[in-house]
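Coordinates in review
Given next are the chains, with one letter for each unit.
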Amino acid sequence: MPAFLESIGYNGWVLTALLVIPVMGALLLWAHSFTVKEATGAALERAERTARLLTLAVLTLEFVVSVGLWWSLDVSSSGWQAGVDLPWIESWGARFSLGVDGLSLMMVLLTTVLMPLAVLGGWTSVSRKVHAYHILMLLLTMGMLGVFVARDLFLFYVMWEVMLIPMYFIVGIWGGERRIYASLKFFIYTMAGSLLMLVAIVYLGWQAGILEGRPNFSYDAMMAMPDLDPSVAFWLFMAFFVAFAVKVPMFPFHTWLPDAHVEAPTAGSVVLAGILLKLGTYGFLRIAIPLFPGIAMHPTVRTSIIALSVIGVIYGSLVALVQPDFKKLVAYSSVAHLGMVMLGVFAMTKESVMGAVMVMIGHGVTTGALFFLIGMMYERKHSRLIADYGGIAKVVPIFATALTVVVLSSIGVPGTNGFIGEFLVLVGSFQTAPGMTTISAIGVILAAAYMLWAVQRILYNPLDKPSNARLTDLNWREIGLLAPLLFLIVWMGVYPAPVLRRIEASTARFVEQVERRAAQQRTTMSLGGR
C-alpha cells in the first residue's frame, strides 16, 4: 500500500482533497435543491433520498481518500507530513498551510469514520429541510478537518468558526423542543471563547512577523519566536485556555453541553460528542501548551488546571448518576471522560499524554455509538427516560447486546477501547500528580455505577410495561451503522499497538518540547506581571 500511495503522489494532494471534497458535495446538493424546489409527494421523497445518498457517497469517498494516511504516515517521524503550503492572503501574512502528524492523523480518521455513519444515523429522523441539513453536515466536515490539519493559525481560526455555524443551525433547526435555547447557548459560549482566541492569534501573528513588517500566522514561525514577556504570555495563554476549555468542555465551562446534547438530533449529538469536543483538547495539545510552555507548566497554573480536570471527572460522574434521561446521562459522562483527558495532558508524561489521545479516540467511538443507540431507542418509543423502559433485552436482543458492549467500553472494561486510554492516563499521571490521580480514579468507579445501573433498568429489569413488548429490534441499516463502531471498540481494546505506534513519536516530541522550553523559561517566569 505505501508503494501504491507514493506512485500516485498521495501525500501531495490528500489534505487539499479532504477539504475540497465536502465543499464540492455541498455545492452539488445546493444545485440539486433548486431542481426539486417545487417537488411534492413522491417526487419530494425521491429528491430527499437522492440528497441522503449523495451526502453518504461524498462522505464515504472522504473516508476512502483519508484512510491512505494510515499507511503513508512515517510512524518514526514526529514532524509535519503530507504538507501543503500555498499563498492565500499574502497582505495579511496568512497562508493555506496544511500538514498532519500522528496526533492530527487520528483526529482526521475519527472524523472521516464518524461522519458517514452520522448521515446514516439521521436517515429516517431528519424529515424536513433535508437538503439544507446535509449541506450543513458537509460544511461541518470541512471545518472540523480544517482545524485538525491547519498549520497556519489564521486558517485554524477560520476553520474553527466555519464548523461552529453549521452545528448552530443543526441544533437550532432540527433539535428538540428547547432547541433555540440550546443552540444560542452553544453559540454564545463558543463565540465568546473564539473572540478571545482571535485577539491572541492576531497579537502572535504581529509578533512573529515583526521583522517583515506584516503578520505571520505560520505555526512554525510562532514556535520559533523568542520568548514573550511572562505577563504577556500569561494573558495570551488564558485567551487560548478559555476558548479551548469551553470546547472541551472543562468544569466550570461545561453548562452548554447537556442542553446541546439533549436538544440536538441524533447525528448532531454524535458529531458533537465524537468530534467537536476533541477540538478543545486538540487545541491544548497543538497550540496552547506548545506556544506557552512556561505558563502551562507553571506550578500554580498546572495544579489549577489539573484540579479543575479532576473536579470535572467527579462532578460529571455524580451528576450522571442521578439523571433520569439517558441522553443527558451520557452528556454528563462526557464531562467526566474529557476531564480524564485533560488530567493526562497536564500531567505531562509520555504515558499520560498517549493515554489522553487514546481516550479522545475511544470516547469518540464509544459515545458516538451510545448516542446512535439512544436515537434508535427514541425513534421506537419517543422517550429517553430510563424509567419508561425495563426488561427490553427479551424483546430487542440485538439492541441489548450492542448497548451492553458499548457500555462496557464506556466504563473501561479490559478488552475494550475504553480500558487502554484510562489505564495509560492513570499510570502516567500518578508519576506527577499522585493525589489528584487517586481522586480521579474514583470517577472510574462512579462510571461503572451510573452506566451499569442505567443498563440494568433499561434492559434487565422486569418487562412490566405492555408497550415495551411491541418494540422492534434493530434493522439492517442500524446494524450496519453500529458494526464499524463495535469493531473499533473491540479491536482497539484487544490490539491497540497500531494506534499507539502512530501517536508515539508525536506525543513523545510534544512532552520533550514542552518540558525543555518550560525549564528554559522557568527562571524568568512571573504570573500576571508579578
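Source: prediction; values computed, not measured.

Observations regarding the packing of helix α5 (residues 102-121) against helix α21 (residues 497-521)
- Orientation of α5 relative to α21, taken along the N-to-C sense of each, is 135°, at an axis distance of 7 Å. By the criterion of interaxial angle, the relationship of α5 to α21 is oblique. In this structure, α5 uses Gly 102, Leu 103, Leu 105 and Met 106 to contact α21, whose residues at the interface are Val 499, Arg 502, Ile 503 and Ser 506.
- Broken down by class, the residue content of the contact of α5 with α21 amounts to five nonpolar, two polar and one charged.

Quick word on the packing of aromatic side chains
- Enumeration according to the criterion identifies 27 aromatic pairs in this entry.
- Residues Tyr 133 and Trp 174 carry aromatic rings whose centres are separated by 5.3 Å and whose planes lie at 70° to one another, so their mutual orientation is edge-to-face. In this pair, Tyr 133 is assigned in helix α6 (residues 130-149) and Trp 174 in helix α7 (residues 153-174), connecting sequence segments 41 residues apart. The pair Tyr 133 / Trp 174 is uniform in exposure class, with both members buried.
- Aromatic side chains Phe 148 and Tyr 282 sit 5.1 Å apart centroid to centroid with 85° between the ring planes, which places their arrangement in the edge-to-face category. One end of the pair, Phe 148, is in helix α6; the other, Tyr 282, is in helix α12 (residues 266-291), with 134 residues separating them in the sequence. Judged on exposure class, the residue Phe 148 and its partner Tyr 282 are both buried.
- Taken together, the aromatic side chains of Phe 156, Trp 160, Phe 237, Phe 240, Phe 241, Phe 244, Phe 253, Phe 284, Phe 292 and Phe 346 make up a single cluster linked through ring pairs.
- Here Arg 384 stacks its cationic end above the ring of Tyr 378, 5.2 Å away from the centre of that ring.

With respect to the pairing of strand β1 (residues 81-89)
- Where β1 meets strand β2 (residues 94-100), six bridges bridge the pair, whose relative direction is antiparallel. Paired with Pro 87 across the strands is Arg 95, a residue of β2.
- What sits between the antiparallel neighbours β1 and β2 is a turn of four residues, in which Gly 93 has the positive phi angle 75°.

What to know about helix α15 (residues 326-347)
- Taking 1.5 Å of rise per residue, 22 residues should cover 32 Å, and α15 covers 32 Å from first to last C-alpha, within 8% of that figure.
- Among the 22 residues in α15, 21 count as buried, and that is most of the element.
- Positive phi appears at Met 348, one or two residues downstream of α15, with a value of about 60°.

Looking at the pattern of salt bridges
- In this structure the tally under the stated criterion is eleven salt bridges.
- A salt bridge links Asp 259 to Arg 178; its shortest N-O distance comes to 3.5 Å. Within this pair, whereas Asp 259 is found in helix α11 (residues 256-263), its partner Arg 178 is found in the loop between α7 and α8 (179-208), the two being separated by 81 residues in sequence.
- Take Asp 259: its relative accessible area is 12%, and that puts it in the buried class.
- Arg 380 is the salt-bridge partner of Glu 478, the closest N and O atoms lying 2.7 Å from each other. Residue Glu 478 is found in helix α20 (residues 476-494), and its partner Arg 380 is found in helix α16 (residues 350-381); the two are separated by 98 residues along the sequence.
- Since its relative accessible area comes to 2%, Glu 478 is described here as buried.

Observations concerning the nonpolar core
- Core analysis: the biggest nonpolar cluster contains 193 residues, and Phe 240, Val 271, Leu 276, Phe 284, Phe 292, Phe 326 and Phe 346 have the highest contact counts within it.
- No other element matches α16, which puts 17 residues into this core.
- Not counting chain neighbours up to four residues away, the residues in contact with Phe 284 comprise Phe 241, Phe 244, Ala 245, Val 248, Met 250, Ile 289, Pro 290, Met 342 and Phe 346.

So, the confidence of the model for the protein
- Per-residue confidence for the protein gives a mean pLDDT of 90; residues scoring 70 or more make up 98%.
- Looking across the protein, the model is least confident in helix α1 (residues 2-7), with a mean pLDDT of 83, and most confident in helix α17 (residues 397-410), with 94.
- Predicted confidence for residues 526-530 stays below pLDDT 50, and this span has eleven contacts to residues more than four positions away or in other chains.

As for the environment of Ser 127
- Structurally, Ser 127 can be placed in the loop between α5 and α6.
- What Ser 127 contacts, discounting residues up to four positions off in sequence, is Glu 48 and Arg 52.

A few points about a nonpolar patch on the surface
- A cluster of nonpolar side chains, contributed by Met 1, Phe 4, Ile 8, Trp 13 and Trp 71, occupies part of the molecular surface with about 520 Å² of accessible area.
- As for its placement among the helices and strands, Trp 71 is situated in helix α4 (residues 69-72).

A closer look at unusual backbone geometry
- With an omega of -5°, the peptide bond between Val 248 and Pro 249 qualifies as cis.
- Mapped onto the elements, Pro 249 comes out in the loop between α10 (230-247) and α11.
- In this model, Phe 251 is joined to Pro 252 through a cis peptide bond whose omega is 5°.
- Topologically, Pro 252 is positioned in the loop between α10 and α11.
- Look at Lys 129: it is not a glycine, yet its phi comes out positive at around 50°.
- On the secondary structure map, Lys 129 appears in the loop between α5 and α6.

Overview of the packing of α16 against α17
- It is the contact of α16 with α17, at a shortest axis distance of 9 Å, that shows an interaxial angle of 150°. The pairing of α16 with α17 is recorded here as roughly antiparallel in orientation. For α16 against α17, the interelement crossing comes out left-handed. Here Thr 366, Ala 369, Leu 370, Leu 373 and Met 377 of α16 come into contact with α17, specifically with Phe 399, Ala 402, Leu 403, Val 406, Val 407, Ser 409 and Ser 410.
- The residue makeup of the contact of α16 with α17, split by class, is nine nonpolar, three polar and no charged.

What counts and what doesn't
Residues numbered from 1 in each chain as written. Predicted model: local features only at pLDDT ≥ 70, side-chain atom pairs only at ≥ 80, totals over all residues. Heavy atoms only, no water. Axes fitted to C-alpha atoms, helices over the stretch in contact; angles between N-to-C directions. Helix = DSSP H or I, 4+ residues; strand = E, 2+ residues; numbered from the N terminus. Parallel < 35°, antiparallel > 145°, perpendicular 65-115°, else oblique. Contact = heavy atoms within 4.5 Å. Nonpolar A, V, L, I, M, F, W, Y, C, P; charged D, E, K, R; others polar. Phe/Tyr/Trp six-rings, centres within 6.5 Å; stacked < 30°, edge-to-face > 60°. Buried < 20%, exposed > 50% of the residue type's maximum accessible area, 1.4 Å probe, protein only. Lys NZ or Arg CZ within 6 Å of the ring centre and 35° of its normal. Pairing = 2+ DSSP bridges. Expected span 1.5 Å × (residues − 1). Salt bridge = Lys/Arg side-chain N within 4 Å of Asp/Glu carboxyl O. Core = buried A, V, L, I, M, F, W, Y, C linked by side-chain atoms within 4.5 Å. pLDDT = per-residue confidence, 0-100. Patch = residues over 30% accessible without salt bridge, like charges linked within 9 Å, V, L, I, M, F, W, Y side chains within 5 Å. Areas by Shrake-Rupley, 256 points an atom, 1.4 Å probe, with all protein chains shown as cover. Left-handed = near helix turned anticlockwise from the far one by under 90°.

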